[in-house]
Amino acid sequence: MSNGAATAVLPEHTFLNFEEEEKSWFKRWIFSVDHKKIGILYGTSMMLFFLMGMTLGFLIRLEMLGPGSTIMGGRTYNTVFTLHGITMIFLFVIPGLMASFGNFFLPLQIGARDVAFPRLNLFSWWLFISGGALIYGSLFVGGTPIDTGWTFYAPYSVKTSASVSLAGLGVFFVGFSSILTGLNFVTTVHRMRCPGMTWTRMPLFVWTLYTTGWLQILATPVIGITLVMLLLERLLGVGFFDASKGGDPVLFQHLFWIYSHPAVYIMILPAMGAVSEIIPVFTRRNIYGYKYIAFSSVGIAIIAYIVWGHHMFTSGMADSSRIAFSLLTFFVAIPTAIKIFNWIATMYKGSITLEAPFLYALAFIFLFSIGGFSGLVQGALAADIHLHDTTYIVAHFHYVMFGGTGFAFFGALHHWWPKIFARMYNRKIAKGAAVGLFVGFNILYIPLFVMGFLGMPRRYFDYLPEYTFGHQVSTVGSWILIGSFLLMLWNLLRSFRSQPMTDPNPWNGTTLEWKVASPPPVENFAIVPTVHRGPYEHEPEAVRK
Amino acid sequence: MEYKLLACPACGANLDGVASETVECGGCGRVLVREAGGYRAKSGGNGGGAGPASNPGVQAALDPKRVDIHALLHHEDYVGAKVGMWLFLFTELLLFGGMFLVYSLYRAKFSKEFHAAALELNTGIGALNTLLLLTSSLTVALAIAAIQKGKRGLCLLLLWATIAQGLGFMVNKYFEWSYKFGHKIYPGSLEMEQSRTEGEIIFYNLYFVMTGLHGLHVLIGLVCLGFCVVWIMKNWVRKDDFVVLENSGLYWHLVDLIWIYLFPLFYLIS
Amino acid sequence: MSHEPEHAGAHHHDPFAGGHHEQPHEVGYGVFVLVWLALLCFTAITVSAAGVHLGKWNVVVALAIATVKVFLVLSFFMHLRYESKLFRLMFGLSVMILAIILGLTFVDWELWTKH
């Protein structure tokens, strides 16, 4: 790491105390157009939503401890898993590493002072919060709380008197927020890279932010129009999804998944980008196959648009369509595998430091691979006829979204925490919590794979007695997971009590964000840098140490 | 860990916070190249600077009392503003694209009924609206050309013409819809449910939703153009900075583009 | 020591930022009027074509003419013809994605509503 020496000289002006004298904290934060503050606003609100979603998940697992009604009835259970899904997906995973770490680090990593449209950026966050407020507000206003599942399928979502419209409007707002962020980041990457930063010298995290931006721009409007149609259907009875009026409910599924499949790549790409950042740092090696990893992000983004039918294999689609979608689905494994092989190749003969960020990156590779393999199993049409709507699917998407994006988010949190806040957490506790999370996660979800294979349906609060043991194991796993998560969070927050760090680069990272003070100054760079080398190449001096 | 100041070896100017490998000294103008611990002049010679900086290349913050940070953060990028606007237009393309998808699917399913219902729409008003939007696209494009040439008065005139035509479009739409409502043709109408086939009902619902959504965008476009008129009068949008007008024009053209497809699909089903 | 070196760094040799000082291209009034006249012509053609019975081809003809009109508005009124290649590439990408979505769904719809 870096040389220790005598006195600590922190920069006097960081982004955290900029304008402190003139403005109230409310104006300095809620009205800030500084991408770093907006990143923190997103990160904090997303963590709060994650905690709500996690509580709902805890309740789900409590209910599943025994067959029949354990702590809640069937209707309540439907609402709980609906809210769990909406919260986790729309309010945590989709904004994900993009809205939080992307906002904070995109300009820093490309040598810019901010994103292309800072005020639009702030507006994005306001939309996000408003959307969240509408979604949770819908629980208290209008009809019974929403219980359609996060997928809002017609005809139930159209016919039910539950408060679908308000929740749907909230999701619309969140989608619009997502679109604006994507638009902002794509423009930023095109227009604001510092001199010398060619496309192939950008950090891989930036590549994923860019491709995710395009996914947000071109896919999200489709769920926008779908929600508009759903609202109009509920309010005016237009009948596009109503078979009694000549409409077709399966059309809703098509429109929904035309967005929601690319959405899962919106969820995972920035997470993969963060893993690409962490691995070179903790193996002290240049990333293996930079161009392959960069272009594999593009490949994933393109294939994302042509596989959505695999969510609808049991909906009544024609055979030839289903076979086509099944075949296309397998293709996405290729660019994904390229990333995984390159990460592992980077580690080979590297000088590895097992710190918490790296443990999370390793967990990501392991857990996401399991999720990915199970995705291939589901992509096989005949297998999916059996597995669709079972807990196998639930396990699959938790492995990719939680084991993947979730763990990458925690890893990014530990990796960049010292940069954002100039504080170091207790590294031993961080590692312990990471291990606990990993163990709890697998105990929670492996039984779901097994039970799903044996026929346990998803979204059911009641089940046959033969599944009881599996559910109980799974619930215990959830307790270990949640306990470890709380430990991890407490450990991070506790770091605020310790002395500020003086070392702006504790991990010896090579990308530009490590070249500024911690916390970064509001202007990011005193002088806009000129770049002459790749993002993961070490300085000559550092190697000499 | 001590944070050492970096200085130019030739004139001693403060290079504190510099991270670049090559930099032009603000004091003497020499080109300096970074090395371990400091900077040296490019043509050779020993590096001056402080001793081994504990953290070479870490950028310090600027002192807001000496430097106008707000000015530094102010960022003007004409091409970037257009890129952003085009990206937004692509989202609208996908938004309406989704509706056109629904239209095409139902038209394939109910081709005869669509044909029958379409005959009831007034092709004349539809064509008139097409002409209005096409001409308003012309006038807004001319308005941008005018302000580029510094002809502020002409620009304003053309913008007013654009807005007037847009309003004319909305007035026509109002008459069309009122006529239909008067005949009990509207989404959710019980009369329609009893007397019309499914295909016809779907046609009319698509008609109202799509022209309604389009009309909403016309209104938004008119508001944008209205703001442009105000800002031009205040000289906030002018010959050397008119990207706001250009972007509003792009949005207006999008409204025209959508109608160019709506018109034949609803009014010209022969 | 604050802004000036940034200028030296940021603007000197700046091929990647695409030219921060690009001047907007000037298009004469005449071009726009000509394009408008063409648009009016095509509108007249499409209205009269609707009166001719071509069966299935009516839709194709109408959409083709509409596409020509759209192309004219995009290229001239919206300046795509005069912008850098980047804009055309982005536009092409968006249209391609929309075409995939429309195409795949339509094919599937045809197949499943026909049995």
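Residues numbered from 1 in each chain as written. Chains lettered and ligands numbered in written order. Predicted model: local features only at pLDDT ≥ 70, side-chain atom pairs only at ≥ 80, totals over all residues.

1. Section: the overall build of chain A
Next up, step 1: Within chain A, the regular secondary structure consists of 18 helices and zero strands.
Next up, step 2: Scaling as 2.2 N^0.38, a compact globule of 545 residues should have a C-alpha radius of gyration of about 24 Å, and chain A matches this with 23 Å.
Next up, step 3: In chain A, which comprises 545 residues, the proportion classed as buried is 61%.
Next up, step 4: A separation of at least 24 residues holds for 84% of the contacts in chain A among residues at least 6 apart in sequence. (Helix = DSSP H or I, 4+ residues; strand = E, 2+ residues; numbered from the N terminus. Rg over C-alpha atoms; globule rule 2.2 N^0.38 Å. Buried ≥ 20, exposed ≤ 12 C-beta atoms within 10 Å, placed from the backbone. Contact = placed C-beta atoms within 7 Å.)

2. Here's the deal with the overall build of chain C
Next up, step 1: From N to C terminus, chain C includes four helices and zero strands.
Next up, step 2: Buried residues in chain C amount to 28% of all 115 residues.

3. With respect to the interface of chain B and chain C
Next up, step 1: If you look at the interface, chain B gives 42 residues, while chain C gives 44 residues.
Next up, step 2: The greatest single-element share of the side of chain B that touches chain C, amounting to 12 residues, is contributed by helix α2 (residues 78-109) of chain B.
Next up, step 3: Class assignment for the residues of the side of chain B that touches chain C results in 27 nonpolar, 11 polar and four charged. (Nonpolar A, V, L, I, M, F, W, Y, C, P; charged D, E, K, R; others polar.)

4. What about the packing of helix α9 (residues 249-283) of chain A against helix α15 (residues 391-421) of chain A?
When two helices pack together, their arrangement is given by the angle between their axes and by how far apart the axes lie.
Residues and elements named next belong to chain A.
Next up, step 1: The interhelical angle for the contact between α9 and α15, taken along N-to-C directions, is 45°, at an axis separation of 9 Å. Relative to α15, the element α9 is oriented oblique. Between α9 and α15 lies a crossing whose hand is left-handed. Residues Met-267, Ile-268, Ala-271, Ala-274, Val-275 and Ile-278 of α9 pack against Val-400, Met-401, Gly-404, Thr-405, Ala-408, Phe-409, Gly-411, Ala-412 and His-415 of α15.
Next up, step 2: Tallied by class, the residues present in the contact of α9 with α15 amount to 11 nonpolar, four polar and no charged. (Axes fitted to C-alpha atoms, helices over the stretch in contact; angles between N-to-C directions. Parallel < 35°, antiparallel > 145°, perpendicular 65-115°, else oblique. Left-handed = near helix turned anticlockwise from the far one by under 90°.)

5. With respect to the confidence of the model for chain A
Residue and element names in this part refer to chain A.
Next up, step 1: The predicted model of chain A averages 94 in pLDDT, with 97% of residues at 70 or higher.
Next up, step 2: Counted against residues more than four places away or in other chains, residues 1-10, with its pLDDT under 50, gives 21 contacts.
Next up, step 3: Note on residues 541-545: pLDDT under 50 across the span, and four contacts to partners over four residues away in sequence or across chains. (pLDDT = per-residue confidence, 0-100.)

6. Some points on helix α8 (residues 204-236) of chain A
Residues and elements named next belong to chain A.
Next up, step 1: A rise of 1.5 Å per residue sets the reference length of α8, with its 33 residues, at 48 Å; its end C-alpha atoms lie 47 Å apart and thus fit the reference within 8%.
Next up, step 2: Of all the bends in α8, the largest measures some 30° and sits at Ala-219, one to four residues before the proline Pro-221.
Next up, step 3: Extensive coverage of α8 is indicated by the burial of 28 of its 33 residues.
Next up, step 4: Looking at the residues trailing α8, positive phi occurs at Gly-237, about 70°. (Expected span 1.5 Å × (residues − 1). Bend = angle between axes of the 7 residues up to and from the residue.)

7. Notes on helix α16 (residues 427-454) of chain A
Next up, step 1: Helix length check: α16(A), at 28 residues, gives a terminal C-alpha distance of 41 Å against a target of 40 Å (1.5 Å per residue), a fit within 8%.
Next up, step 2: Of the residues trailing α16(A), Gly455(A) is marked for its positive phi of about 115°.

8. Some points on the nonpolar core
Residues and elements named next belong to chain A.
Next up, step 1: Counting residues in hydrophobic clusters, the biggest one holds 284 residues, and the most contacted among them are Tyr-265, Val-275, Tyr-360, Phe-364 and Ala-408.
Next up, step 2: Here this core takes 23 residues from α9, the largest share from any one element.
Next up, step 3: Ignoring sequence-local partners within four residues, the contact set of Tyr-265 consists of Leu-215, Ile-300, Ala-301 and Ala-304. (Core = buried A, V, L, I, M, F, W, Y, C linked by C-beta atoms within 7 Å.)

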